[in-house]
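# Survey of secondary and tertiary structure
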Amino acid sequence: MKEADDDYLEALQDAIDKQRNLRDLENSYEDVAKQERKLSLMERDTSGARRTEVLEAQEELEESRQDLLDEAVDAILDNMEEQNNDLSEMRDIELEIK
């Protein structure tokens, strides 16, 4: 019974963690969209007075996009690892049954 309770709590914690990660990812996408809008407005200034700011904003935006890509790759790898662990557990259970 304790093992079932532990499994339930672990699954619940995993679900909560995934929900938080999705929320953080959504916030990151919103931040990138805001940076893109800000950069777009700054680039409309044709006087060149804000050229340094535009270059900094472009660099910041590129870093944010790279961070999002890194997060996506990490999420894919984590998902693959989780699936591999689940398959391993299923094989172990199958061997115990036989």
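Use the structure listed above.
Residues numbered from 1 in each chain as written. Predicted model: local features only at pLDDT ≥ 70, side-chain atom pairs only at ≥ 80, totals over all residues. Heavy atoms only, no water.

Here the largest pocket is characterised by a volume of approximately 440 Å³. Listing elements by their share of the lining of the largest pocket, those giving two or more residues are α1 (2–43) and α2 (51–97). Among the residues making up the lining of the largest pocket, the classes are represented as 4 nonpolar, 3 polar and 6 charged. Each pocket or cavity is described by its volume, and for the second largest pocket that value is around 320 Å³. If you go around the second largest pocket, the residues you meet are Asp7, Glu10, Ala11, Asp14, Asp17, Lys18, Glu82, Asn85, Asp86 and Glu89. (1 Å grid on protein atoms, 1.4 Å probe; cavity = no way out; pocket = protein on both sides within 12 Å on 5 of 7 lines; lining within 4 Å. Points joined across faces, edges and corners; volume = space filled by probe spheres on them. Helix = DSSP H or I, 4+ residues; strand = E, 2+ residues; numbered from the N terminus. Nonpolar A, V, L, I, M, F, W, Y, C, P; charged D, E, K, R; others polar.)

A few words on the nonpolar core. Note that soluble globular proteins tend to have their nonpolar side chains buried in a common cluster. If you look at the biggest cluster of nonpolar residues, it comprises 7 residues: Val32, Leu39, Met42, Val54, Ala57, Leu61 and Leu68. Per-element tally for this core: the top contributor is α2, with 4 residues. Beyond its immediate stretch of four places on either side in the chain, Leu61 contacts Val32, Gln35, Glu36 and Leu39. (Core = buried A, V, L, I, M, F, W, Y, C linked by side-chain atoms within 4.5 Å. Buried < 20%, exposed > 50% of the residue type's maximum accessible area, 1.4 Å probe, protein only. Contact = heavy atoms within 4.5 Å.)

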